[in-house]
Amino acid sequence: MKNTALTQTHIALGAKMVPFAGYNMPVSYEGVNAEHEIVRTAVGVFDVSHMGEFLISGPNALDLIQKVSSNDAKKLTIGKAQYSCMPNDQGGIVDDLIVYRIKEEVYMLVVNASNIDKDWEWISSHNTMNADMRNLSENYSLLAIQGPKAVAAMQSLTTIDLSTIPFYSFEVADFAGIEHVIISATGYTGSGGFEIYCKNTEVQQIWDKVFEAGADFGIKPIGLAARDTLRLEMGYCLYGNDINDSTSPIEAGLGWITKFNKDFIHSEALETQKEEGVTRQLVGFELDERGIPRHDYSIVDEKDQVIGVVTSGTMSPSLGKGIGLGYVPSALAKPGTKIQIQIRKKKIGATVVKLPFYKNK
């Protein structure tokens, strides 16, 4: 089991620690509902240092990224980030990721912790153009400072104006007394904030100063359980649940990050899918009565025929009702459609809804 540079800090704070993607990670501190509410109303900090970072550089860096990823990285200017995915050659997804353009010929790819080795091997196997690749995952830490008060709480820690960094943009600047920190206006919660990339040797100082600066704003540490409820309320996909090696980006509702103005792995087949349609689609649903949908629960029709499967589900802390994502036949994917979720021996009615579940007021 690997540790992040902050593992002992989490233990000292009384975090409940669990194995996750090969790391010893904090799942909660004072409870998922309380932590969820902190991020929705104030500001919370996640240690997500288990995520992977690859540096792709040189004159052929963009060519490699364009080949392995579905979005159009050519549109990225320095200081911009882009959500994307890496299709495999069977129409599924190797991983979803964020691409950052750091300098003219320098890009950073941020990948899921459970897929670091798989992604590295996949990208390396397609690096026929000899772009320079460096795996920085073991040496870098990542803090997600999320919530509507994040800008105000963190402004004293940097000389740049945090309020001027647009969504999916970043600055390389001073932060918490450390030079050359990536301050990225990205996140997985839907409540705004920043993600801070720094070296493992710097993260303790940054963590401490972040909590000092945020003290008057009600800042709290947040675990992975609340990260999951927050992302699910936004309808964001989780790799391994909602997308995987056998789900296509078109089925998963990721057509918006799948650009056909370039050639990439399996692009022709995916373009055909987009033009002709798919037989199943990932949808969001809300339960019509009390219950909690869980991963792998069956979705059934009136005749008790299994028509799909729940990929993610929870009791939404913000909405106070059961919500979930799941694959259903395309004919049943329209918002307002009635489906049923098999919860143990009982069928619970549910309604397909337009994402996100949580609308930021």
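Since the structure is predicted, the reported quantities are computational estimates derived from the model, not experimental observations.

Novice: Is there a simple way to explain the overall build of the protein chain in this structure?
Specialist: In terms of regular secondary structure, the protein chain is built from eight helices and 19 strands. In terms of C-alpha radius of gyration, the protein chain reaches 21 Å, essentially the compact-globule figure of 21 Å for 361 residues. A sequence separation of at least 24 residues applies to 64% of the contacts in the protein chain between residues at least 6 apart. Of the roughly 15,500 Å² of accessible surface on the protein chain, 51% is carried by carbon and sulfur atoms. Here the protein chain contributes 34 positively and 43 negatively charged side chains, and the mean placements of these two sets differ by 7 Å.

Novice: I'm lost on the side chain of Ser312 in this one. Help?
Specialist: Among the secondary structure elements, Ser312 is positioned in strand S16 (residues 306-315). For Ser312, a relative accessible area of 2% translates into the label buried. Within the structure, the side chain of Ser312 is placed 2.7 Å from the side chain of Arg231, a separation counted as a polar contact. Leaving out residues up to four positions away in the same chain, Ser312 has contacts with Arg231, Leu232, Asn241, Asp242, Ile323, Gly324 and Leu325.

Novice: Help me understand the sheet that holds strand S17 (residues 322-329) in this model?
Specialist: The strands making up a sheet are joined through hydrogen bonds of the backbone, oriented either antiparallel or parallel. Taken together, six strands build a closed barrel; the order of strands is S14-S17-S16-S15-S18-S19 and the barrel is antiparallel. Here the strands of the sheet are splayed against their neighbours by 45° on average, with no regard to which way each runs. With six bridges connecting them, S16 and S17 associate as antiparallel partners. Bridged to Val310 within S17 is Gly326.

Novice: It is not clear to me how the side chain of Ser267 should be interpreted in this structure. Could you clarify?
Specialist: With respect to the helices, strands and loops of the structure, Ser267 is situated in helix H8 (residues 267-276). Judged by its relative accessible area of 7%, Ser267 is buried. A polar contact of 2.9 Å, which involves the side chain of Ser267, links it to the backbone oxygen of Phe264. The residues touching Ser267, leaving out its near neighbours within four places in the chain, are Phe260 and Lys262.

Novice: Can you help me understand the layout of surface pockets in this one?
Specialist: Here the idea is plain: a probe the size of a water molecule rolls over the atoms and shows the empty space left. Of the voids in this model, the second largest pocket is the one considered here, and its volume is about 370 Å³. In terms of lining residues, the second largest pocket is bounded by 15 residues, among which Ile102, Tyr140, Val172, His180 and Ile182 are the most central. Secondary structure elements with two or more residues in the lining of the second largest pocket: strand S6 (93-103), strand S7 (106-111), strand S11 (178-184) and strand S12 (193-199). Here the lining of the second largest pocket is built from residues that sort into ten nonpolar, one polar and four charged.

Novice: Please explain empty space enclosed by the protein as it appears in this structure.
Specialist: Applying the stated rule across the entire model yields one cavity of 30 Å³ or more. Of the pockets and cavities examined, the largest cavity occupies roughly 30 Å³. Lining the largest cavity are Phe46, Ala144, Gln146, Tyr188, Thr189, Glu195 and Arg227.

Novice: Just to check I follow, could you spell out the nonpolar core for this structure?
Specialist: If you look at soluble globular proteins, the nonpolar side chains tend to sit buried side by side. With 42 residues, the main nonpolar core has Tyr100, Met108 and Ile243 as its most contacted residues. Those elements that place two or more of their residues in this core are strand S2 (23-28), helix H2 (32-41), strand S5 (81-87), S6, S7, strand S9 (140-146), helix H7 (224-233) and S17. Aside from chain neighbours lying at most four places away, what touches Ile243 is Ile93, Asp96, Cys237, Leu238, Ala252, Leu254 and Tyr327. Ranked by size, the runner-up nonpolar core spans 31 residues in total, among them Ile145, Ala185, Val203 and Ile206.

Novice: What is the right way to look at H7 in this model?
Specialist: Think of an α-helix as 3.6 residues a turn; residues three or four steps apart then line up on the same face. Among the ten residues that make up H7, eight are buried, leaving the element largely enclosed by the rest of the structure. On its buried face, H7 is in contact with strand S1 (16-20), S2, H2, strand S3 (44-47), S16 and S17.

Novice: How do you make sense of the packing of H2 against H7 when you look at a structure like this?
Specialist: Helix packing geometry: the angle between the two helix axes and the distance between the axes. Direction vectors running N to C along H2 and H7 enclose 55°, while the axes themselves pass 8 Å from each other. Of the possible angle classes, the one that applies to H2 and H7 is oblique. For the pair H2 and H7, the sense of crossing is right-handed. Contacts from Val32, Glu35, His36, Val39 and Arg40 in H2 reach Ala225, Ala226, Thr229, Leu230 and Glu233 in H7.

Novice: How should the pairing of strand S10 (residues 170-175) be read in this particular structure?
Specialist: Moving residue by residue along a regular strand, the side chains alternate between the two faces of the sheet. With five bridges connecting them, S10 and S11 associate as antiparallel partners. Its bridge partner being in S11, Phe170 is matched across the sheet by Ser184.

Novice: What exactly am I supposed to notice about the packing of aromatic side chains here?
Specialist: Two descriptors summarise a pair of aromatic rings, namely the distance from one centre to the other and the angle between the planes of the rings. The tally for this structure, following the rule as stated, stands at eight aromatic pairs. For the ring pair Tyr100 and Tyr197, a centre distance of 5.5 Å and an interplane angle of 75° mean the geometry is edge-to-face. Linking Tyr100 in strand S6 with Tyr197 in strand S12, this pair joins segments that are 97 residues apart in sequence. With respect to class, Tyr100 is no different from Tyr197; both count as buried. Judged by centre distance (6.0 Å) and plane angle (15°), the ring pair of Tyr188 and Tyr236 falls under stacked. Of the two residues, Tyr188 sits in the loop between S11 and S12 while Tyr236 sits in the loop between H7 and H8, which places them 48 residues apart along the sequence. Ring pairs connect the aromatic residues Tyr100, Phe170 and Tyr197, which therefore count as one cluster. The positively charged end of Arg40 is found above the aromatic ring belonging to Tyr358, 4.0 Å away from the centroid. The lysine or arginine in question, Arg280, covers the ring of Tyr327, its NZ or CZ lying 4.5 Å from the ring centre.

Thresholds, definitions, all that
- Residues numbered from 1 in each chain as written.
- Predicted model: local features only at pLDDT ≥ 70, side-chain atom pairs only at ≥ 80, totals over all residues.
- Heavy atoms only, no water.
- Helix = DSSP H or I, 4+ residues; strand = E, 2+ residues; numbered from the N terminus.
- Rg over C-alpha atoms; globule rule 2.2 N^0.38 Å.
- Contact = heavy atoms within 4.5 Å.
- Areas by Shrake-Rupley, 256 points an atom, 1.4 Å probe, with all protein chains shown as cover.
- Lys, Arg positive; Asp, Glu negative; His and termini not counted.
- Charge placed at Lys NZ, Arg CZ, Asp CG, Glu CD.
- Buried < 20%, exposed > 50% of the residue type's maximum accessible area, 1.4 Å probe, protein only.
- Polar contact = N/O pair within 3.5 Å; in protein donor to acceptor, adjacent residues only side chain to side chain.
- Pairing = 2+ DSSP bridges.
- Axes fitted to C-alpha atoms, helices over the stretch in contact; angles between N-to-C directions.
- 1 Å grid on protein atoms, 1.4 Å probe; cavity = no way out; pocket = protein on both sides within 12 Å on 5 of 7 lines; lining within 4 Å.
- Points joined across faces, edges and corners; volume = space filled by probe spheres on them.
- Nonpolar A, V, L, I, M, F, W, Y, C, P; charged D, E, K, R; others polar.
- Core = buried A, V, L, I, M, F, W, Y, C linked by side-chain atoms within 4.5 Å.
- Parallel < 35°, antiparallel > 145°, perpendicular 65-115°, else oblique.
- Left-handed = near helix turned anticlockwise from the far one by under 90°.
- Phe/Tyr/Trp six-rings, centres within 6.5 Å; stacked < 30°, edge-to-face > 60°.
- Lys NZ or Arg CZ within 6 Å of the ring centre and 35° of its normal.

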